[in-house]
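Chain and residue survey
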Amino acid sequence: MHTPGLWQALHERRYLRSGWPWRCALYFLTSAPLGAALLVCLLVLALAGSLLTVVLVGVPLLLMLVLAGLPVARLERRRLRLIDPAVPMADAHRDPPRTGPAAWLRTRLQERSTWRELGYALLFACLLWPLEAVIIGTVIGVSGGLVSTPLVMATAGGGEEVRVIKLWLVHSYPAAFAVALAGLLLLPLLAYPLGLLAAGRARLTRLLLDAPPEQDDVRVRELSRSRMRLVTAFEAERRRIERDLHDGAQQRLVALSMHLGLARLDAREEPLAGLLAQAHGEAQAALVELRELIRGIHPQVLTDRGLAAAVEDIADRSPVPVDLDLDLPHRFLEAVESAVYFAVCEALANVAKHSRATRAAVEARVDGGRLDVRVRDNGVGGADKAEGTGLEGVADRLSVLGGRLLVSSPSGGPTVLRVLVPCPPAPDRRLDARPVR
């Protein structure tokens, strides 16, 4: 991958009048102190970690050595903007599946990017910065030595002679000024190889630190689109079933219950009156169960008033008191609202069944284009999404939308379930529910 800005500037006549030569020089000038400091840090960590391993103190130092490439890569991605500002490099690391330092460390040690960045840090510390110091030193030394010849002759040479960059002697001021003029003419010529070396350095940095391209990218995109189509079709089918049950079976049960009630008024003799009363009670119970089933398939409040009102409805029906702090400024896509709603349902159901909590809380925010929902409780903890099909199903459903489910539940509590999902607004959907506080 070439560096578009620098390569294009090198082919233009105004390259020397632009800021690119100075940016390239600044890039190489900053490499030397950074590389030297990195080399010292790596040597200290390696030696101290090796010597102290026998008393276990060196193990954290060796881990720091392995992870040293992470801050180096982050700094190099920023420093690369000096010579390649057009396309910022993406961070190749993924978010850990759980919260906490142990999960973060396990994820980083299992990533190929961590070891690539460590290799880059070693290459930078041992080879790249000395070469770059030689490059910028040569450019500055040659050009500066030639340009400063008259000044050196006036101060150090006593006005009689001076040795130019330790190669030849100059015995007069006219010759010294001629050498200085040659240095000024040479400086633009050195700016081009400096730019070429900087472009090559940027390409090497991208090769080692940029996120690796996905294999079979077309197939991956098609698979993502097909999964999204399946989710959309699944949601549409759920809505159809909900409408059929609401408009069909529920209305028939309501009519049956009314007819049985009227029949009870006309039949006052036993055993017919008792049988009708029993049938009326069964019809009422079936109607209640059907209404709960319809609400579980797709609650009408979610369709009519949005996610905040639907979560408020869940909290009102929860046997455990729930505190709400919801700030949802707009409606979201139906698939997003449905997935987050059922995730909160599953979380509060687990709070009521397993946590032995006395209070729970639900927080929801839109942060950086993502919907961030957290469900907390003060229970005994010990929840694990790998051990239950409910949370695992929620995680699978969120992953189709590009979201994630994070669970932190140490033994003794508290339990925090966090839902992160991209949330593009749906402008054609009206928000009827205000934020709940």
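Note that the coordinates shown come from a computational prediction; the quantities given were computed from them, not determined experimentally.

Structural notes on the overall build of the protein chain
Secondary structure assignment for the protein chain yields 14 helices and seven strands. Each of the 437 residues in the protein chain was classed as buried or not, and the buried ones make up 38%. With the model as given, the accessible surface of the protein chain reaches about 24,700 Å², and the carbon-plus-sulfur share is 63%.

Quick notes on the pairing of strand β7 (residues 415–422)
β7 sits mainly inside the fold: six of its eight residues count as buried. In terms of strand pairing, strand β5 (residues 370–377) meets β7 through eight bridges, oriented antiparallel. Each bridged residue has a counterpart across the sheet, and for Asp377 the counterpart in β7 is Thr415. In terms of strand pairing, strand β6 (residues 404–408) meets β7 through five bridges, oriented antiparallel. Of the residues in β7, the one forming a bridge with Ser408 is Val416. The hairpin turn running from β6 into β7, its antiparallel successor, is six residues long, and Gly412 in that turn takes a positive phi close to 95°.

Topic: the pattern of salt bridges
Evaluation of the coordinates by the stated rule reveals 13 salt bridges. A salt bridge links Arg374 to Asp372, with the nearest nitrogen and oxygen atoms 3.5 Å apart. On the basis of relative accessibility, which here comes to 10%, the residue Asp372 falls in the buried class. In this structure, a network of salt bridges that share partners links the residues Glu76, Arg79, Glu132 and Arg201.

Considering the side chain of Glu76
Structurally, the position occupied by Glu76 is in helix α4 (residues 69–79). The class for Glu76 is buried, based on a relative accessible area of 1%. For Glu76, the side chain forms a polar contact with the side chain of Arg79, separated by 2.9 Å. Excluding its chain neighbours within four sequence positions, the residues that come into contact with Glu76 are Tyr27, Tyr120, Phe124, Arg201 and Leu209.

Focus: a nonpolar patch on the surface
On the surface, Leu51, Leu52, Val54, Val55 and Val57 cluster together into a nonpolar patch covering about 500 Å² of accessible area. With respect to the secondary-structure elements, Val55 resides in the loop between α2 (20–51) and α3 (58–66). Note on Val55: relative accessible area 52%, which makes it exposed.

Concerning the UniProt feature "transmembrane region" (unreviewed entry) in the protein chain
Feature annotation in UniProt places "transmembrane region" (unreviewed entry) on residues 24–45, 51–73, 118–142 and 175–199, given in this structure's numbering. The annotated region residues 24–45 carries 100% helix and 0% strand content, and the separation between its end C-alpha atoms amounts to 31 Å.

Some words on the packing of α2 against α3
Helices that pack against each other are described as a pair by the angle of their axes relative to one another and the distance between those axes. As a packed pair, α2 and α3 sit with axes 8 Å apart at the nearest point and diverge in direction by 150°. Taken as axis vectors, α2 and α3 run roughly antiparallel relative to one another. The handedness of the crossing between α2 and α3 is left-handed. Together, Leu42, Leu45, Ala46, Ala48, Gly49 and Ser50 of α2 and Gly58, Leu61, Leu62, Met64 and Leu65 of α3 make up the contact between the two elements. Tallied by class, residues from the contact of α2 with α3 come to eight nonpolar, three polar and no charged.

Quick look at the packing of aromatic side chains
Inspection of every chain in the model, using the stated rule, returns three aromatic pairs. Ring centres of Tyr27 and Phe28 lie 5.9 Å apart, and the angle between their planes is 75°; this geometry places the pair in the edge-to-face category. A relative accessible area of 1% means that Phe28 is categorised as buried. Taking 5.1 Å as the distance between ring centres and 80° as the angle between the ring planes, the aromatic pair formed by Tyr341 and Phe342 counts as edge-to-face. Of the two residues examined, Tyr341 and Phe342, each falls in the buried class. Taking NZ or CZ as reference, Arg79 lies 4.2 Å from the ring centre of Tyr27, over its face.

Here's the deal with the sheet that holds β6
In space, the five strands of this open sheet follow the order β3-β4-β5-β7-β6, with mixed pairing throughout. With one partner strand each, in any of the chains shown, β3 (322–326) and β6 form the two edges of the open sheet. With direction set aside, neighbouring strand axes in the sheet form an average angle of 10°. Set on the sheet, helix α12 (residues 307–317) makes contact with β3, β4 (360–367) and β5; between it and β3 the angle comes to about 170°. Against the sheet, helix α13 (residues 334–355) touches β3, β4, β5 and β7, its axis set at about 10° to β5.

Here's the deal with the environment of Leu128
Looking at where Leu128 falls in the secondary structure, it is placed in helix α6 (residues 112–147). Leu128 sits 97 residues away from Ser31 along the chain, and the two C-alpha atoms are 8.4 Å apart. Residues contacting Leu128, with those up to four places away along its chain left out, are Tyr120, Leu123, Arg201 and Leu204.

A word on the nonpolar core
Ranked by internal contacts, the top residues of the largest apolar core, which has 42 residues, are Leu307, Val340, Val362, Leu371 and Leu405. Taken together, the elements giving at least two residues each to this core come down to α12, β3, α13, β4, β5, α14 (389–400), β6 and β7. In terms of residue count, α13 provides more of this core than any other element does, 11 residues in total. With residues up to four places along the chain from it excluded, the contact list for Val340 reads Leu307, Leu371, Val373, Val419 and Val421. Of all hydrophobic cores here, the second largest spans 34 residues; its members include Ala9, Ala73, Ile83 and Ile136.

Quick word on the pairing of β4
Strand residues, when the strand is regular, have side chains that alternate between the two faces of the sheet. Strand direction decides the pairing type here: β3 and β4, joined by five bridges, are parallel. Note that in β4 the partner of Leu324 across the bridge is Val362. At this point the chain moves from β3, through α13, to the parallel β4, and the crossover so formed is left-handed. Examined bridge by bridge, β4 and β5 share eight bridges and lie antiparallel to one another. Within β5, the residue paired with Asp367 across the bridge is Arg370.

Definitions and limits used
Residues numbered from 1 in each chain as written. Predicted model: local features only at pLDDT ≥ 70, side-chain atom pairs only at ≥ 80, totals over all residues. Heavy atoms only, no water. Helix = DSSP H or I, 4+ residues; strand = E, 2+ residues; numbered from the N terminus. Buried < 20%, exposed > 50% of the residue type's maximum accessible area, 1.4 Å probe, protein only. Areas by Shrake-Rupley, 256 points an atom, 1.4 Å probe, with all protein chains shown as cover. Pairing = 2+ DSSP bridges. Salt bridge = Lys/Arg side-chain N within 4 Å of Asp/Glu carboxyl O. Polar contact = N/O pair within 3.5 Å; in protein donor to acceptor, adjacent residues only side chain to side chain. Contact = heavy atoms within 4.5 Å. Patch = residues over 30% accessible without salt bridge, like charges linked within 9 Å, V, L, I, M, F, W, Y side chains within 5 Å. UniProt positions renumbered as here; feature names shortened; annotations may be inferred. Axes fitted to C-alpha atoms, helices over the stretch in contact; angles between N-to-C directions. Parallel < 35°, antiparallel > 145°, perpendicular 65-115°, else oblique. Left-handed = near helix turned anticlockwise from the far one by under 90°. Nonpolar A, V, L, I, M, F, W, Y, C, P; charged D, E, K, R; others polar. Phe/Tyr/Trp six-rings, centres within 6.5 Å; stacked < 30°, edge-to-face > 60°. Lys NZ or Arg CZ within 6 Å of the ring centre and 35° of its normal. Core = buried A, V, L, I, M, F, W, Y, C linked by side-chain atoms within 4.5 Å. Right-handed = clockwise from strand over helix to strand, strands pointing away.

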